[in-house]
Amino acid sequence: MARHRENANGWFWVLPSLLIPLMIAAIAWTTHVASEGEEIAPNVRFAGLDMSGLTPAAAADEVGKREREFLSTPITIDLGESSVVVTAREIGFDYLYDDTISQVIKARHADRPWDEFLAWAETPFETVTIDDHYVLDEAAAVERLSAEDFIIRTPVEPELTNDDASYMYAIPGTAGVGVDIEQVVSALEAATITAGPVEIQADPMDIPPTISDDSAREVALQLNDMTRPGLLAVVGDATAGLSPGRVRSHLVSAVEDGVMTVSMDMDAFQKEIEAAFPEPIGEFVAPELEVVDGVVVVEKPGRPAPVCCSEESVQAAAQSYLDGGQTFYLLDTRPNDDERIVAWADGSQVKEVVSEFTTNHPCCESRVTNIQTMADFMQGKYLIPGETLSMNEYVGPRTADKGYVAAGAIRGGYMTEELGGGVSQFITTLFNAAFYGGLDLDVYQSHSIYFSRYPFGREATLSNPNPDLQITNSTDYPVLIWPTYTDNSITVTLYSTKNVEVEELEQRVTRRNQCTHSEIDRQRTFSDGRVEVDTIVANYRPDDGLDCLGRPIPQS
């Protein structure tokens, strides 16, 4: 009987068919395990990108791009009537780059082997999506939301004023409107920043002033009490006071960190103090000038008179006053920085002859000594704009110790001799130089008897204490008086910068009983276009010792 024998090799073929897939899977698994840290696992997505097979470096680049994109996401915060657009970075979001790239690299590589195997086994059937990792820094968000552009209406702090120029009083503050920061921060935390631009509706919230109206009123009361005495300032020999109202008008309040402070408006206070001392403090020192071959040479510059007041001393006085100190202050002067005055002092504007006049006399008479003595004394006299020269005040009594001698003069209507006689010729020469130089002839008197050596009707005399000659420099530039002489003449030259044209218009001569009356019109045209006409007057008696009726003048 034949026996059927079952093929025992069937299992031999079944086992390989089972082992081969397992071997392939084992190889694949081994490859997966070996690839950890070398490339991103299959079927891993991040930010819409398939990261499968990327090297860690390439994956890091993609995460870096995503970080920049995320932090640049615009976030619009609607304030109602306006809105503020900030980026995620600006509002306080921080992208956790290290956490994010770590998750991408570790995708499907679980810590426990079995979990990792299961995750690997699911690769064909399930995609692993890695989310962005980020956090909101609440402190940074609060700081940004507290900025000025998130204030819908700025709160107004109480302030102090002195509008009525008497007492300080408080102007109430008003609340402002800003955003409800806590509500906006909560909305930011709930927002899906990864989905693109975000818009958040901010709720309004009142922002009160940081100081109360009552506190401001209390400060005003304290200031009124402190400033009640006013302020007294002394500069050099000058004294001036500021009333309480004037002091208060320069007080300025400010609120910072919930505290009201009071300061002095230093620009206004400085001007107030300077206005109280409008005149120079001290003397103007004229330059020392010399005329060499008709050219003015500055031997030594002068110095402008100082003025009120140094900023340092005014600042110190203001601070001491506010600190509740004294109400009496000694202030320091400051250099005069007025460009005009500085130029007056340095002598630079005395550069040309503006007038010159000469009168003649016989040589060697005693009166010539007096003429030349006064000329020597007057040489170099410097007359600044606006300054008045009184010859009697400046020269003083004509005495022997000054070099004057006895010579002919008119006293009480009679010819006589006296110490310093004859100086009227110098006075007449100076008078005419001033006439043609365009200076003001404030005080003068002609000789009571006409002398032919002088221009008829355009001359002046001098005696002690009267008559006097007073002239004012009414031009815009300093004037240097520079007399020179010869044995037979006296010349007075005025140096300055020419800015006035002088024209003698006409002379009118009339009789008044036996006296002769002269009037000469002078026209001055200044560089600014002003035209002024004045009249020089002279009166002459008929003869020595006679009045206008021809009667002898009583002698005292």
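Here is a short report on the structure shown in this document. Everything quoted here is computed from the prediction, not taken from an experiment.

This paragraph deals with the overall build of the protein. Helices and strands together make up the secondary structure of the protein, namely 15 helices and 33 strands. Over its C-alpha trace the protein gives a radius of gyration of 51 Å, far above what one expects of a compact globule, namely 24 Å for 556 residues. With respect to the principal axes defined by its C-alpha atoms, the protein has extents near 205 × 60 × 45 Å. Evaluated residue by residue, the protein yields a buried proportion of 40% over its 556 residues. Of the roughly 29,900 Å² of accessible surface on the protein, 52% is carried by carbon and sulfur atoms. Counting 38 positive and 89 negative side-chain charges, the protein places the averaged centre of each group 7 Å from the other.

Here we take up the sheet that holds strand 4 (residues 83-87). Spatially, three strands are ordered 4-3-11 in an open sheet, and the strand pairing comes out mixed. The open sheet has two free edges, formed respectively by strand 4 and strand 11 (198-201), since each of these has just one partner strand. Sheet twist, expressed as the average angle between the axes of neighbouring strands with direction ignored, equals 20 degrees. The pairing of strand 3 (residues 74-78) with strand 11 spans four bridges and is classified as parallel. Pairing of Ile75 across the sheet is with Val198, part of strand 11.

When the terminal C-alpha atoms of helix 8 (residues 213-226) are compared, their 20 Å separation across 14 residues agrees well with the 20 Å that a helix rising 1.5 Å per residue should span. Residues Ala216, Val219, Ala220, Leu223 and Asn224 constitute the buried set of helix 8. The buried residues of helix 8 occupy an angular sector of 140 degrees when projected down its axis, which confines them to one face. Exposed residues pointing more than 90 degrees away from the buried face of helix 8 are listed as Asp214, Leu221 and Asp225. Each element contacted by the buried residues of helix 8 is listed here: strand 8 (159-161), strand 9 (169-171), helix 9 (244-248), strand 15 (251-256) and strand 16 (259-264).

What follows is about helix 15 (residues 424-437). For helix 15, which comprises 14 residues, the first-to-last C-alpha distance of 19 Å matches the rise-based estimate of 20 Å (1.5 Å per residue) to within 8%. Just beyond helix 15, the residue with positive phi is Gly438, at close to 85 degrees.

Turning to the packing of aromatic side chains, a few remarks are in order. Taken as a whole and judged by the stated rule, the model has 12 aromatic pairs. Between Phe70 and Tyr134 the ring centres are 4.7 Å apart and the planes differ by 35 degrees, which places this aromatic pair in the tilted class. Of this pair, Phe70 sits in helix 2 (residues 56-71) while Tyr134 sits in strand 7 (residues 134-136), placing them 64 residues apart in sequence. Measuring from ring centre to ring centre gives 5.3 Å for Phe377 and Tyr394, while their planes differ by 55 degrees; the resulting arrangement is tilted. With a gap of 17 residues between them, Phe377 in helix 13 (residues 366-378) and Tyr394 in helix 14 (residues 391-395) connect regions that are remote in the sequence. A relative accessible area of 40% places Phe377 in the partly exposed class. What links up through ring pairs into an aromatic cluster is the set Phe70, Phe93, Tyr95 and Tyr134. Its end group placed over the ring of Phe451, Arg453 keeps NZ or CZ at 4.9 Å from the ring centre. Here the guanidinium or amino end of Arg458 rests over the ring plane of Phe435, the centre of that ring lying 5.6 Å away.

So, about the sheet that holds strand 1 (residues 44-46). Each strand in a sheet pairs with another by means of backbone hydrogen bonds, the pair being arranged parallel or else antiparallel. Here three strands make up an open sheet; going across it, the order is 2-1-6 and the pairing mixed. Because the sheet does not close on itself, it has two edges, and the strands there are strand 2 (49-50) and strand 6 (128-130). The pairing of strand 1 with strand 2 spans two bridges and is antiparallel. Across the sheet, the residue bridging to Arg45 is Asp50, located in strand 2.

Summed over the entire model, instances satisfying the criterion amount to 23 salt bridges. For the salt bridge of Asp225 with Arg228, the shortest nitrogen-to-oxygen distance reads 3.6 Å. Overall, Arg228 belongs to the partly exposed group, its relative accessible area being 46%. Residue Glu519 pairs with Arg508 through a salt bridge whose shortest N-O separation is 3.1 Å. Here Arg508 lies in strand 31 (residues 500-512) and Glu519 lies in strand 32 (residues 515-526), a separation of 11 residues in the sequence.

Right, let's talk about unusual backbone geometry for a bit. Excluding glycine, residues mostly have negative phi values, and the peptide bonds linking residues are mostly trans. Here the residue pair Cys308 and Cys309 is connected by a cis peptide bond, since its omega of -10 degrees sits within 30 degrees of zero. With respect to the element layout, Cys309 can be found in the loop between strand 19 (307-308) and helix 11 (311-322). Following Asn466, the chain continues to Pro467 via a peptide bond in cis, the omega torsion being 0 degrees. Position of Pro467 among the secondary structure elements: in the loop between strand 27 (440-443) and strand 28 (470-472). Within the chain, Asn43 stands out as a residue other than glycine whose phi angle is a positive 55 degrees. Tracing the backbone shows Asn43 in the loop between helix 1 (10-35) and strand 1. Taking relative accessible area as the criterion, Asn43 reaches 23% and is therefore assigned partly exposed. Even without being glycine, Asp293 reaches a positive phi, approximately 55 degrees.

The rules we used
Note that residues are indexed from 1 along each chain, following the sequence as it is written. pLDDT decides what is reported in this predicted model: residues at 70 or higher carry local features, side-chain atom pairs at 80 or more are listed and counted, and totals for whole chains, interfaces and linings draw on all residues regardless. As a convention, hydrogens and water are excluded, and side-chain values are obtained from all of the structure's heavy atoms. By definition, any uninterrupted DSSP run of H or I lasting at least four residues is a helix, any uninterrupted run of E lasting at least two residues is a strand, and each is numbered from the N terminus. The globule rule used for comparison is 2.2 Å times the number of residues to the exponent 0.38, while the radius of gyration itself is calculated over C-alpha atoms. With a 1.4 Å probe rolled over the protein chains alone, any residue whose accessible area is under 20% of its type maximum counts as buried; one over 50% counts as exposed, and the rest are partly exposed. Under the convention used here, a 1.4 Å probe and the Shrake-Rupley method define accessible areas, while residue burial counts only the protein chains that appear. For this count, His and the chain ends are skipped, Lys and Arg are scored as positive, and Asp and Glu as negative. Where a charge lies is defined by one atom per residue type: Lys uses NZ, Arg uses CZ, Asp uses CG and Glu uses CD. At least two bridges found by DSSP between two strands is the condition for calling them paired. To obtain each axis, a line is fitted to C-alpha atoms, and for helices this fit is confined to the stretch in contact; angles are then taken between N-to-C directions over 0 to 180 degrees. Take the number of residues in a helix, subtract one, and multiply by 1.5 Å to get its expected span. This arc is taken over the directions from the axis of the helix to the C-beta atoms. The contact definition used throughout considers only heavy atoms, calling two residues in contact when any of these lie within 4.5 Å. Pairing of aromatic rings covers Phe, Tyr and the six-membered ring of Trp, with a centre-to-centre limit of 6.5 Å; geometry is then stacked below 30 degrees between planes, edge-to-face above 60, and tilted otherwise. Consider the ring centre and the ring normal. A charge sits over the ring if Lys NZ or Arg CZ is within 6 Å of that centre and within 35 degrees of that normal. Within this document, salt bridges are pairs made up of a side-chain nitrogen of Lys or Arg and a carboxyl oxygen of Asp or Glu, the two lying within 4 Å of each other.

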